[in-house]
Amino acid sequence: MAVTTLDPRTALVVIDLQHGIVGNPGLAPHAAADVVKRSARLADAFRGHGLPVVLVRVTAAADGADAVPGRIDGPGRGRAFPEGWDVIVDDMAGHPGDITVTKRNWGAFHGTDLDLQLRRRGITQIVLTGIATSIGVESSARAAHEHGYHVTLATDAMSDLDPETHRNSVERIFPRLGETGTTEEIVELLDRTRA
């Protein structure tokens with residue numbers, strides 16, 4: 001379903017646009033620079049209309065002590081990350097009114113104050129962007145839906161390590177969680193409904 005409306009109290013939630021993730025080579029189908037550019041475009045539009053922008057970043061203790069417990073088949077525990085890998089990219093950072101949320105797992109809701117920050121501001125809908133589509137963005141979209149928020153996904157302002165997992169999220173999962181649209185469709189709707 002294409003994006004049809006934006007609630008009066010809608011927030012932009014940007015997932016993991018930080019140095020260590022944006023610097024990953026081979027993101028698809030959109031280059032990291034394009035995801036950052038489109039997310040920045042949305043953020044400027046939201047700020048221009050007095051709506052909240054939430055910058056979510058993921059971090060981890062060097063010793064893995066704060067890693068999500070449970071056995072997994074893949075890698076991921078106890079990795080050492082380079083200094084500054086969890087710093088929000090310059091194109092998104094530096095706006096004093098923005099809210100920063102730090103997570104230690106895939107989704108932006110569990111173990112963070114994101115829901116509290118949104119509810120205190122009367123937010124009923126979120127627009128999501130970020131990297132990676134099938135991990136941080138999808139996990140956050142699922143949780144937002146379960147928390148009762150209207151969810152809109154800016155599908156050209158997100159990307160993944162695998163184009164197939166991106167496609168699966170966009171075509172099969174996101175239509176069950178909310179509405180989708182391009183950056184320009186969302187900005188146009190925002191401008192039209194806030195005039």
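First, a word on scope: everything that follows refers to the structure included in this document. (Residues numbered from 1 in each chain as written. Predicted model: local features only at pLDDT ≥ 70, side-chain atom pairs only at ≥ 80, totals over all residues. Heavy atoms only, no water.)

A closer look at helix α6 (residues 183–193)
To keep it simple, the criterion reads: Relative accessibility decides the category of a residue: with a 1.4 Å probe and only protein chains considered, values under 20% of the type maximum give buried, values over 50% give exposed, and everything between is partly exposed. We count a stretch as a helix when DSSP gives it H or I for four or more residues in a row; a strand needs E for two or more, and each element gets its number in order from the N terminus. Starting at the helix axis, one direction is taken to each C-beta atom, and the arc is that of these directions. In what follows, residue pairs with any heavy atoms lying within 4.5 Å of each other are defined as contacts.
Taken together, the buried positions of α6 are T183, I186, V187, L189 and L190. Seen end-on, α6 carries its buried residues on one side only, within an arc spanning 165°. Summarising the contacts, the buried residues of α6 are in contact with α2 (32–48), β4 (125–131), β5 (150–159) and β6 (179–181).

Here's the deal with α2
The criterion, for reference: Any helix carries an expected span of 1.5 Å times its number of residues minus one.
In this model α2 runs 24 Å from its N-terminal to its C-terminal C-alpha over 17 residues, within 8% of the 24 Å that 1.5 Å per residue would give. When α2 is considered as a whole, its buried residues turn out to be A32, V35, V36, S39, A40, L42, A43, A45 and F46. Those residues of α2 hidden inside the fold are in contact with β1 (10–15), α1 (19–22), β2 (53–58), β4, β5 and α6.

Here we look at the packing of helix α4 (residues 133–146) against helix α5 (residues 163–177)
In helix packing, the relevant descriptors are the interaxial angle and the interaxial distance, both defined with respect to the helix axes. Here is the rule we go by: Where helices are involved, their axes are fitted lines through C-alpha atoms of the stretch in contact, as for all axes, and angles between N-to-C directions lie from 0 to 180°. Oblique is the label for any angle not under 35 degrees, not over 145, and not in the 65 to 115 range, which are roughly parallel, roughly antiparallel and roughly perpendicular in turn. Think of it as three bins: nonpolar holds Ala, Val, Leu, Ile, Met, Phe, Trp, Tyr, Cys and Pro, charged holds Asp, Glu, Lys and Arg, and polar takes everything else, Gly as well.
Across the interface, α4 lies against α5 with an axial gap of 10 Å and an inter-helix angle of 5°. Taken together, the axis directions place α4 and α5 in an arrangement best described as roughly parallel. Two secondary-structure elements touch here, α4 through T133, S134, V137, E138, A141, R142 and H145 and α5 through T165, H166, S169, V170, I173, F174, R176 and L177. A per-class count over the contact of α4 with α5 returns six nonpolar, six polar and three charged.

Describing the packing of α2 against α6
Where α2 meets α6, the closest approach of the two axes is 10 Å, and the angle between their N-to-C directions is 5°. As judged from the angle between their axes, α2 and α6 are roughly parallel. Judged by residue contacts, R38, R41, L42, A45 and F46 of α2 engage T183, E184, I186, V187 and L190 from α6. Of the residues belonging to the contact of α2 with α6, the class tally is six nonpolar, one polar and three charged.

A look at the pairing of β4
Every regular strand shows the same layout, with side chains that alternate between the two sheet faces. Test applied: Crossover handedness is defined by viewing with both strands directed away from the observer: a clockwise path from the first strand over the helix to the second marks the crossover as right-handed.
Among the seven residues of β4, seven are classified as buried, and the element is accordingly described as predominantly covered. A two-sided burial pattern is seen for β4, the buried positions comprising Q125, V127, T129 and I131 on one face and I126, L128 and G130 on the other. Once the chain exits β4 it traverses α4 before rejoining the sheet at β5, and the crossover so formed is right-handed.

Description of the nonpolar core
The line we're drawing: In this text, buried Ala, Val, Leu, Ile, Met, Phe, Trp, Tyr and Cys residues form a nonpolar core when linked through side-chain atoms within 4.5 Å.
Core analysis: the biggest nonpolar cluster contains 33 residues, and L12, L17, M92 and I131 have the highest contact counts within it. Counting only elements with at least two residues in this core, the list comes to β1, α1, α2, β2, β4, β5 and α6. With residues near it in sequence (within four places) discarded, I131 still touches I15, D16, L17, I21, V22, L27, A32, V35, V137 and S159. In terms of nonpolar packing, the next biggest core, distinct from the first, is built from 26 residues, I99, L114, I126 and L153 among them.

Observations regarding the environment of R47
The criterion, for reference: A 3.5 Å cut-off defines polar contacts: any pair of N or O atoms within that distance qualifies, except that in protein one atom must be a possible hydrogen donor and the other a possible acceptor, and neighbouring residues in sequence count only when both atoms are side-chain atoms.
Inspection of the secondary structure puts R47 in helix α2. Under the relative-accessibility criterion, R47 is labelled partly exposed at 22%. It is 9.2 Å that separates the C-alpha atoms of R47 and H95, two residues lying 48 residues apart in sequence. Apart from the residues lying within four places of it in its own chain, the contact partners of R47 are V53, M92, H95 and D98. Within polar-contact distance, the side chain of R47 engages the side chain of D98 at 2.7 Å.

It is worth stressing that arrangement in space is one thing and function is another; only the former is reported here.
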